[in-house]
Amino acid sequence: MGAGIAEVLARGDLAVVGIEVNADALERGRGHLERSTGRAVKRGRLTEEGQREILDRITLSVDFTDLGECDLVIEAVPERLDLKRRVFAELDRVCRDDAVLASNTSSLSVTDIAVTTGRPTKIVGVHFFNPAPVMKLVEVIRTVLTEPEAVERVAALVDGLGKTAVTIGDRAGFVANRLLFGYLNQAATMLESGHATRDDIDTAMKAGAGLPMGPFALMDLIGLDTCLEILEAVHAESRDRRHAPSPALRERVTAGLLGRKSGHGFYVHDGQGSPDEPAEHDAETPAPIVGVLGTGPLADAVAAHCGRAGGQVRTTAAELGDCDLVIECAQDAEAGRALLVAAAESAKEGAVLAVTSATVPVIEQAMATGRPGDVVGLHLPEADGTLAEIAATVVTAPGVADRAAALAGRLGLTTVRCRDRAGFIVDALRFPYLNDAAAMLGAGYAGADAIDAAMTLGCGYPSGPIADLDRLGLDRAVTVLRALYAETRDPAFAPTPLLAEHVTAARPLR
Ligand code: CAA
């Protein structure tokens, strides 16, 4: 991270002094800088001369006194308060009195660091995101002691680097990590409980929520030890069970499986590329005959999708006789059950009967029919998207979920599997994260623009959580959260009052 930050500053035409703890670490830092800028040269994003200029702007040293003339010092040492305090004591000694001292901490309290220095008014947080040269967000953290001028200077410098500064107070996880890590940890818990596999969860979040990486690939990028530290710090403040580090994470850290940096985390990183790409379906196999039952936007979108994929679409119970797959797309559970019962009576033997709601257990709908063994959940997190989540129940007959996945594949859908649990994968992971964002907004820690910028610019999300809530519908968010709460009785899943209030008032968050 230190090398990444040095590169960002040098790319911004600033003279940089990079300090490392010893000569070996210094060489590793130099290697990082050369590889990262070299990669940009290879991609034609930087000339060799440009690379040389960037590297020439960085002086590497193991001597703290070389920082004597710096206007700003950014500390990026490991996340241990005793170590940070020692480093800041040294910086306090060698730096000019008017120099601003910043910590890139992602989990420790900036105030805790500030109070042990002789210049608490000049201590700020500057939190970069991984990989620092790519991610556009920098969180600038002011403590209750920081003077406004120090914050303004740092925010202006960040803007001058072509990044976006979001200035916020000193709370564990700040904005982005506070929202990101509840989700990452919940994904690890989902894996731990056997709800879905690593690959299915990663694929679901990319294909179903448009994220640049799935949670396990991202934890490997961040470093599992760092993830654990951040979760411990956030949990110490929030006391929210969703932040209590999952054993799936802790076990790997104890075993030294730290992610990309150690070559093995949730994935093995052997340069062979990500193994989680969805399998291609066979284009030669004819598209299936599909019954799409129900009225409303979901039914329309599913029928349109099946038609575009070349499938023959039937829309009434009387026409279901030759269907390979019947998808119930009713607008509420009761209507859906009635349609499913009718479909079970008229569909041919061997047809798969699919339930689309992720808020009513599939098993409840299946048991209402005379053929529960043929029923699976088939959830489309985005009605017009390309991901289908398939859930088998405890009574789904062997091979039926495989047939459902094959049929959905022939309709051009990417499929993932999970157990019959509220929210399947995507909704179960995204709505609690969105709820956290609404709670943060409700608490006044950050505004809607700052929250959305944190997730789009810091974590590469296609849109921010407040915009997502308005797009997906606050009533849908509340319905999914209530289903998750009913299933788990975990208070963290209860809809935050701001959401419930906006639903009652029929007003979007923005
Ligand atoms: N260092 C420097 N540049 C890098 C890089 C790295 N490690 N990884 C990728 N890049 C650059 C590439 O050179 C490329 O640049 P150009 O477009 O100029 O050629 C660009 O990033 C895209 O790279 P790729 O095409 O190889 O890969 P991609 O499109 O899959 O993007 C990614 C990779 C940018 C990492 C993207 O997957 C992403 O945005 N992932 C989410 C990352 C994220 O959430 N980060 C925040 C984590 S939380 C955190 O860091 C805070 C904390 O406290 C722990």
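Not measured: the values here are computed from a predicted model. (Residues numbered from 1 in each chain as written. Predicted model: local features only at pLDDT ≥ 70, side-chain atom pairs only at ≥ 80, totals over all residues. Heavy atoms only, no water.)

As a rule of thumb, soluble globular proteins bury nonpolar side chains together. The biggest cluster of nonpolar side chains holds 112 residues, and the ones touching the most others in it are V175, L180, Y183, M219, I425, I451 and L499. Ranked by residues supplied to this core, first place goes to helix α16 (residues 426-443) with 10 residues. Judged by nonpolar contacts, the second largest core, of 27 residues, contains A6, V8, V41 and V124. (Core = buried A, V, L, I, M, F, W, Y, C linked by side-chain atoms within 4.5 Å. Buried < 20%, exposed > 50% of the residue type's maximum accessible area, 1.4 Å probe, protein only. Helix = DSSP H or I, 4+ residues; strand = E, 2+ residues; numbered from the N terminus.)

As summarised here, the arrangement of the five strands in space is β3-β4-β5-β6-β7, forming an open sheet in which the pairing is mixed. Two strands bound the open sheet, and with one partner strand each, they are β3 (72-75) and β7 (164-169). The sheet shows a mean angle of 30° between the axes of neighbouring strands, direction not considered. Looking at chain direction, strand β6 (residues 137-142) and β7 are connected through six bridges and run parallel. Pairing of R142 across the sheet is with G169, part of β7. (Pairing = 2+ DSSP bridges. Axes fitted to C-alpha atoms, helices over the stretch in contact; angles between N-to-C directions.)

Once that is clear, we can look at a positive patch on the surface. A cluster of basic side chains, namely R39, R43, R45 and R260, defines a positive patch on the protein surface. On the accessibility criterion, R43 (62% relative accessible area) is exposed. (Patch = residues over 30% accessible without salt bridge, like charges linked within 9 Å, V, L, I, M, F, W, Y side chains within 5 Å. Areas by Shrake-Rupley, 256 points an atom, 1.4 Å probe, with all protein chains shown as cover. Salt bridge = Lys/Arg side-chain N within 4 Å of Asp/Glu carboxyl O. Lys, Arg positive; Asp, Glu negative; His and termini not counted. Charge placed at Lys NZ, Arg CZ, Asp CG, Glu CD.)

This brings us to the side chain of E328. Looking at the element boundaries, E328 is found in strand β10 (residues 325-328). For the buried E328, which has no salt bridge, the nearest side chain bearing the opposite charge is R337, at an N-O separation of 8.7 Å. A distance of 2.8 Å separates the side chain of E328 from the backbone nitrogen of A330, its partner in a polar contact. With residues near it in sequence (within four places) discarded, E328 still touches L293, G336, L339, L340, A354, V355 and T356. (Polar contact = N/O pair within 3.5 Å; in protein donor to acceptor, adjacent residues only side chain to side chain. Contact = heavy atoms within 4.5 Å.)

Moving on to the sheet that holds strand β8 (residues 289-293). Judged by pairing direction, the sheet is mixed, and its seven strands sit side by side in the order β9-β8-β10-β11-β12-β13-β14 without closing on themselves. Two strands in the sheet have a free side with no partner beyond their single neighbour: β9 (312-314) and β14 (414-419). If you compare each strand with its neighbour and ignore which way they point, the axes differ by 30° on average. Here helix α12 (residues 297-308) sits on the sheet and contacts β8, β9 and β10; the angle it forms with β8, its principal contact strand, is near 170°.

Most of helix α9 (residues 215-222) is tucked away, with eight of its eight residues classed as buried. Taken as a whole, α9 has its buried residues at P215, F216, A217, L218, M219, D220, L221 and I222. Residues of α9 that are buried sit in contact with α7 (176-192), α8 (198-209), α10 (224-238) and α11 (247-254).

The subject of this paragraph is the packing of aromatic side chains. By the definition in use, this model includes two aromatic pairs. Their ring planes at 50° and their centres at 5.5 Å tell us that Y433 and Y461 sit as a pair that is tilted. Taken together, the residues Y433 in helix α16 and Y461 in the loop between α17 (448-459) and α18 (465-472) connect sequence positions 28 residues apart. Residue classification places Y461 among the buried positions, given a relative accessible area of 8%. (Phe/Tyr/Trp six-rings, centres within 6.5 Å; stacked < 30°, edge-to-face > 60°.)

Time to look at the environment of T456. As for its placement among the helices and strands, T456 is situated in helix α17. What makes T456 partly exposed here is its relative accessible area of 24%. The sequence separation of T456 and L137 amounts to 319 residues, and the corresponding C-alpha distance is 8.4 Å. Within the structure, the side chain of T456 is placed 2.9 Å from the backbone oxygen of D452, a separation counted as a polar contact.

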